[in-house]
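Survey of secondary and tertiary structure
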Amino acid sequence: MNCEDHQHTNAGHKQGSGVEKKLLWAFFITFGIFITEVIGGFISTSLALQSDAGHLLGDVMALGLSLIAIRIARRPPSPRRTFGYQRAEVFAAIINGVTLTVLSGYIFIEAYHRLIEPEPIRSMLMLTVAIIGLAGNSIVIFRLHGHAKENINVRAAFLHVLGDMLASVGVVIGGLIMLFTGNYLADPIISFFIGIIILFGAFSILKEGANILLEGVPGNIDYTEIKTAMENIDGVSSVHDLHIWTISSSNLVLSAHVSVPDQPTHNSQRILKSVSDFLKDKYRIQHATLQIECECCAETDCGCAVF
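In short, a report on the structure. (Residues numbered from 1 in each chain as written. Predicted model: local features only at pLDDT ≥ 70, side-chain atom pairs only at ≥ 80, totals over all residues. Heavy atoms only, no water.)

1. Focus: the pattern of salt bridges
One side chain can pair with another of opposite charge once the charged atoms of both are near each other. Here is the rule: Just to be clear on terms, a salt bridge is a Lys or Arg side-chain nitrogen sitting within 4 Å of an Asp or Glu carboxyl oxygen. Each helix corresponds to a stretch of at least 4 residues labelled H or I by DSSP, and each strand to a stretch of at least 2 residues labelled E; elements are numbered beginning at the N terminus. Under the scheme applied here, a residue whose accessible area is under 20% of the maximum for its type counts as buried, over 50% as exposed, and between as partly exposed, the area being computed with a 1.4 Å probe on protein chains only.
By the definition in use, this model includes two salt bridges. When the shortest N-O distance is used, the salt bridge between E231 and K227 registers 2.8 Å. On the criterion of helical spacing, the pair formed by E231 and K227 is a turn pair, its members being four residues apart in helix 7 (residues 223-231). Overall, the relative accessible area of 25% leaves K227 in the partly exposed class. Notably, a salt bridge pairs D277 with K273, separated by 2.7 Å at the nearest N-O pair. With D277 and K273 both in helix 8 (residues 265-283), this residue pair falls four residues apart, about one helical turn. Given a relative accessible area of 27%, D277 falls into the partly exposed group.

2. Here we look at a nonpolar patch on the surface
For clarity, the threshold we go by: Patches draw on residues past 30% relative accessible area with no salt bridge. Two like charges within 9 Å are joined, as are two nonpolar side chains (Val, Leu, Ile, Met, Phe, Trp, Tyr) within 5 Å. We get accessible surface area from the Shrake-Rupley algorithm with a probe of 1.4 Å; when it comes to residues, only the shown protein chains can shield them.
Nonpolar side chains collect at one region of the surface, where L115, L185, I189, F193 and I196 lie side by side and expose about 430 Å² of accessible area between them. Of all the elements, helix 6 (residues 186-213) adds the most residues to the nonpolar patch, at three residues.

3. Topic: the side chain of E293
What counts, and what does not: For the charge count, each Lys or Arg is scored as positive and each Asp or Glu as negative, with His and the chain ends excluded. We define a polar contact as two N or O atoms separated by no more than 3.5 Å, with the added condition that, inside protein, one atom must be a possible hydrogen donor and the other a possible acceptor, whereas residues neighbouring each other in sequence contribute only through side-chain atom pairs. Contacts were defined at the residue level, with two residues in contact if any of their heavy atoms lie within 4.5 Å.
Here E293 lies in strand 3 (residues 287-294). Of the buried charged residues, E293 lacks a salt bridge, with K227 as the closest side chain of opposite charge at 12 Å. Engagement of the side chain of E293 in a polar contact is seen with the side chain of Q291, the distance being 3.5 Å. Those residues within four positions of E293 in sequence are excluded, and the remaining contacts are H240, H257, V258, S259 and V260.

4. Re the pairing of strand 2 (residues 251-260)
Condition: Here, any two strands with at least 2 DSSP bridges between them count as paired. When the strands point away from the viewer and the connection leading from the first strand across the helix to the second strand turns clockwise, the crossover is called right-handed.
When you tally the buried positions in strand 2, you get ten out of ten residues, the bulk of the element. Residues N251, V253, S255, H257 and S259 line one face of strand 2 and the alternating positions L252, L254, A256, V258 and V260 line the opposite face, and both faces are buried. Two elements, strand 1 (residues 238-248) and strand 2, share eight bridges in a ladder whose sense is antiparallel. In the sheet register, H243 faces strand 2, and the bridge partner there is S255. Here eight bridges tie strand 2 to strand 3, and the two strands are oriented parallel to one another. Across the sheet, residue V253 finds its bridge partner in strand 3, namely H287. Handedness of the crossover joining strand 2 and strand 3 through helix 8 is recorded here as right-handed.

5. Some thoughts on the packing of helix 3 (residues 88-116) against helix 6
How we decide: Axis definition: a line fitted to C-alpha atoms, limited for helices to the stretch in contact. Angles are taken between N-to-C directions and run from 0 to 180 degrees. Oblique is the label for any angle not under 35 degrees, not over 145, and not in the 65 to 115 range, which are roughly parallel, roughly antiparallel and roughly perpendicular in turn. Crossings are classed by handedness, with left-handed meaning an anticlockwise turn of the near helix from the far one by less than a right angle and right-handed meaning a clockwise turn. Asp, Glu, Lys and Arg are counted as charged, while Ala, Val, Leu, Ile, Met, Phe, Trp, Tyr, Cys and Pro are counted as nonpolar; the rest, among them Gly, fall into the polar class.
The interhelical angle for the contact between helix 3 and helix 6, taken along N-to-C directions, is 160°, at an axis separation of 8 Å. Regarding the angle of helix 3 to helix 6, the classification is roughly antiparallel. Where helix 3 crosses over helix 6, the handedness of that crossing is left-handed. Of the residues belonging to the contact of helix 3 with helix 6, the class tally is 25 nonpolar, six polar and two charged.

6. Looking at the nonpolar core
General note: in soluble globular proteins, nonpolar side chains tend to be found buried as a group. Let me state the cut-off plainly: Buried Ala, Val, Leu, Ile, Met, Phe, Trp, Tyr and Cys residues that are joined via side-chain atoms within 4.5 Å together make up what is termed a nonpolar core.
Ranked by internal contacts, the top residues of the largest apolar core, which has 23 residues, are I226, M230, L254, V275, L279 and L290. For this core, the elements supplying multiple residues, two or more each, are helix 7, strand 1, strand 2, helix 8 and strand 3. Residues within four places of L279 in sequence aside, it is in contact with I226, M230, L254, R284, I285, A288 and L290. Counting 17 residues, the second largest nonpolar core, distinct from the first, contains L103, A130, A167 and A186.

7. Some details on the sheet that holds strand 3
Consider a sheet: its strands pair through backbone hydrogen bonds, and that pairing is either parallel or antiparallel. Pairing is mixed across the open sheet formed by three strands, whose spatial order is 1-2-3. Among the strands making up the open sheet, the edge pair consists of strand 1 and strand 3. Across the sheet, the mean angle from the axis of one strand to that of its neighbour is 10°, orientation sign disregarded. Lying over the sheet, helix 7 contacts strand 1, strand 2 and strand 3, oriented at roughly 130° with respect to strand 1.

8. Overview of the layout of surface pockets
Here is the rule we go by: Any residue with an atom within 4 Å of a point lines the site, the site being either a cavity, points on a 1 Å grid over the protein atoms alone where a 1.4 Å probe fits but cannot get out, or a pocket, an open set with protein on both sides within 12 Å along at least 5 of 7 lines. Grid points are joined across faces, edges and corners, and a volume is the space filled by probe spheres set on the points.
Considering only enclosed or pocket space, the second largest pocket measures out at about 180 Å³ in volume. Taken together, 14 residues line the second largest pocket, and the ones lying closest to its centre are Q50, S51, A53, G54 and Y106. Elements represented by at least two residues in the lining of the second largest pocket include exactly helix 1 (10-44), helix 2 (47-73) and helix 3. Sort the elements by how many residues they give to the lining of the second largest pocket and helix 2 lands first, with six residues. When the residues that make up the lining of the second largest pocket are grouped by side-chain class, the tally is nine nonpolar, four polar and one charged.

Structure, rendered in structure tokens:
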């Protein structure tokens, strides 16, 4: 007996549309900050500001890729893509993670050269542009933070922008140090910290993306806890062949064999519904495939198992 529970509601489509609008706003704001920092970075000769602009270019690409992935993921399932295209968002997140890693490597190399040969910097211009960037990034963070926990694709874009906001804070601090002390070594040192922030976010996204593609149990799910909870439901004798994975970061999937005592079919159906409702309400698992097995079959091979 198989039970598959799919939920495709208008509320879900509206939520996806809301995320897309916020990403679109974030894209245009970030692009504007990027242009400002590119110009300001070259005029002021600040590596920290140029590094921040490079990170912003990654943000622009990440946000654009996230927007494309969201639209692809909304395409309906087909006979060849029975789960649809939801993992397009996971691929977008991994691509963003890789670009962040490459970008951090470039920043480390450039910062090393600046440590060896420091260059004079127009600190006031650098500071002004960095403050503008910080304000813009703060707006983007505010618009995206509510959806970052629900979707790896949005979280990848969010981490791009969060890293850049922290980098902008670093650039502001570096600008103040150089303005009041004239020590230009603060510029490459701040750049190193920017690179570390970017790298940390990249590894986090790549790790989660790889876990999804390998169909691992999500990090926020306790496999043993779910198995025990299912076995504690009235009428369930045991649970085995339990698998929990995600199609995308916001779409949990579960399959399991549920053993029940020998009893009329309608009682088995009731137990099946209880398990399915429990998984939906407690763990937000909307897609559960459950196979009921009669306990007697394990001992007598009576052929009464329902497949």
